[in-house]
Amino acid sequence: MDDDLELLDRVASGDREAFDELVRKHQKPLFSMLYRMVSDADDAADLLQKTLVKAFTGIQAFERRSSFRTWLYQIAINLAKNLYRDRARAGRVPLDDVIIRRDPKTLESLIKKEARERLYKALTSLPEKQRLTVMLRVQEQKTFNEIAGVMKCSVGTSKANYHHGVQKLKAMLSDTLTGEIKSDVHE
Amino acid sequence: MCTNNDIQELLPAYLEQALDQNERARVEGHLSSCGDCRTELELLRLLAAEPVPDPGEAFWAAMPGKVFRQVRSEEQQKRSWWGSRVPLILTLPRWTWAAVAVLIVASASWLLVRPVPAPIARVATPERSAVRTTLTPADAMELADLSDTEVDAVDLWATGELALLQDDYLDIMQNNADLSVEDRLTELNTEELESLSRMLDSQNEES
């Protein structure tokens, strides 16, 4: 049996330790995905807690046709969508500049910040499904099968969303991208 | 623009170093001659390099407890919402409901099968202290000594007795159609003959 399903059965019988174990297992990947969707650490933390609370209070709705992780991702994406849409409408670029703060005055840092802002704007300009697919595939390293499960679409559709999203990003960032690759990618 | 979707789909895995040797060689061979795919790989590297801040160990350690408390709180709120709207009786244990159901069924069954009491005739308060309900020959009385109520009671009784006699007479007449009138009359006892006589007299008077 799936480890998550076994833990869920124990949670249903009142096992607090199983509950904590499930939360610890999924909180970091969920936070990472939520952060990439909303680009704000505080919002991502808030959404993480809401996702987990909603999952456990509505656990009767989990039919076990998909994995528990997929179901969590579905809840997280739905909760993040509304917040993301509000941000996109406001034109806000809530980039977390924790890394830039380390050395804000160097040219390299400024270039990095500018590049990140352009990348963020390009990403936010994509249609929602394409942006989500590219993010899940490239930044969260999900397979197309997993993406199809999370987004409730076919594998073919998830691949098509990915291709279209990447092509649009390439077109928008063509003047930034040099097309140079290192001879050995596996560093 | 490159149209080799197979290679483009492998680029993220190539970046993650998740390809086997053969697939990696195939991708690298394609990259050496395709600028579009090299551009795409650079884009993917930029995307993947976007850092995710770490909220810290205290945040991760506290999250299970925070989630658990909020889940509990919401469940209790849900229960109290229902409790304030549903009568307390509905929260009773099952055995109580079973007992109530048995009581209802028993009551309904008793109401359906209980004996219905015969209607009790209302009797007006007699003017005299006592009213005779039965008459025997030894108790013959003067009609003038009886009250109106007692006279009515006697009349009612007599009418009933005569009706019974009439029914019996008719039965006899039907069952003994071959008997002559004389034969039938001889079957009557003295009392029946006197009653018959009185009846015939009263009918003659009416006619």
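Since this is a predicted model, take the numbers as computed values, not measurements.

A. Here's a closer look at the packing of helix α7 (residues 128–139) of chain A against helix α8 (residues 144–151) of chain A. Residue and element names in this part refer to chain A. Put simply, α7 and α8 touch, their axes get as near as 10 Å, and they point 135° apart. When the interaxial angle is binned, α7 and α8 end up oblique. Once α7 is placed against α8, the crossing between them reads as right-handed. Between α7 and α8, the contacting residues are Lys-129, Leu-132, Thr-133, Leu-136 and Arg-137 on the first element and Phe-144, Ile-147, Val-150 and Met-151 on the second. Along the lines of polarity and charge, the residues of the contact of α7 with α8 split into six nonpolar, one polar and two charged.

B. Inspection of the interface of chain B and chain A at higher detail. Each side of the interface is counted separately: chain B has 43 residues, and chain A has 47 residues. Counting the surface lost from both chain B and chain A, the interface buries some 4,400 Å², and carbon and sulfur atoms represent 66% of this. Scanning the region where chain B abuts chain A turns up four salt bridges. Of the charged contacts in the structure, one is a salt bridge between Glu-40 of chain B and Lys-170 of chain A, with a shortest N-O distance of 3.0 Å. One can count eight residue pairs in polar contact (both at pLDDT 80 or more) joining chain B with chain A. Listing elements by their share of the side of chain B that touches chain A, those giving two or more residues are α1 (5–15), α2 (21–31), α3 (35–49) and α4 (57–85) of chain B.

C. Structural detail: the side chain of His-163 of chain A. With respect to the secondary-structure elements, His-163 of chain A resides in helix α9 (residues 155–172). A relative accessible area of 11% places His-163 of chain A in the buried class. For His-163 of chain A, the contacting residues outside a window of four places in its chain are Asn-5, Gln-8 and Glu-9 of chain B.

D. Expanded view of the packing of α7 of chain A against α9 of chain A. All names here are of chain A. The N-to-C vectors of α7 and α9 enclose an angle of 95°; their axes lie 8 Å apart at closest approach. Overall, the two elements α7 and α9 adopt an arrangement that is roughly perpendicular. Note on element contacts: α9 touches α7 through Ser-158, Asn-161, Tyr-162, His-164, Gly-165, Val-166, Lys-168 and Leu-169, opposite Lys-129, Gln-130, Thr-133, Val-134, Arg-137 and Val-138. Classifying every residue of the contact of α7 with α9 gives five nonpolar, six polar and three charged.

E. Representation of α1 of chain B. Within α1 of chain B, nine of the eleven residues are buried, which leaves the element mostly enclosed by the surrounding structure. Every buried residue belonging to α1 of chain B is among Ile-7, Gln-8, Glu-9, Leu-10, Leu-11, Pro-12, Ala-13, Tyr-14 and Leu-15 of chain B, and all of these are buried. Turning to α1 of chain B, the residues buried within the fold contact α7, α8 and α9 of chain A together with α2 and α3 of chain B.

F. Region of the structure containing the nonpolar core. Of all hydrophobic cores here, the largest spans 71 residues; its most connected members are Leu-48, Phe-56 and Leu-136 of chain A together with Leu-47 of chain B. Of all the elements, helix α2 (residues 16–38) of chain A adds the most residues to this core, at eleven residues. Other than its neighbours up to four places away in sequence, Phe-56 of chain A contacts Leu-8, Val-11, Phe-19, Leu-22, Val-23 and Phe-68 of chain A together with Val-67 and Val-71 of chain B.

G. Representation of a negative patch on the surface. Together, Asp-2, Asp-3, Glu-6 and Glu-21 of chain A give the surface a local cluster of negative charge. One can find Glu-6 of chain A in helix α1 (residues 3–12).

Cut-off values and rules
Residues numbered from 1 in each chain as written. Chains lettered and ligands numbered in written order. Predicted model: local features only at pLDDT ≥ 70, side-chain atom pairs only at ≥ 80, totals over all residues. Heavy atoms only, no water. Axes fitted to C-alpha atoms, helices over the stretch in contact; angles between N-to-C directions. Helix = DSSP H or I, 4+ residues; strand = E, 2+ residues; numbered from the N terminus. Parallel < 35°, antiparallel > 145°, perpendicular 65-115°, else oblique. Left-handed = near helix turned anticlockwise from the far one by under 90°. Contact = heavy atoms within 4.5 Å. Nonpolar A, V, L, I, M, F, W, Y, C, P; charged D, E, K, R; others polar. Buried area = accessible area lost by both parts, 1.4 Å probe. Salt bridge = Lys/Arg side-chain N within 4 Å of Asp/Glu carboxyl O. Polar contact = N/O pair within 3.5 Å; in protein donor to acceptor, adjacent residues only side chain to side chain. Buried < 20%, exposed > 50% of the residue type's maximum accessible area, 1.4 Å probe, protein only. Core = buried A, V, L, I, M, F, W, Y, C linked by side-chain atoms within 4.5 Å. Patch = residues over 30% accessible without salt bridge, like charges linked within 9 Å, V, L, I, M, F, W, Y side chains within 5 Å. Areas by Shrake-Rupley, 256 points an atom, 1.4 Å probe, with all protein chains shown as cover. Lys, Arg positive; Asp, Glu negative; His and termini not counted. Charge placed at Lys NZ, Arg CZ, Asp CG, Glu CD.

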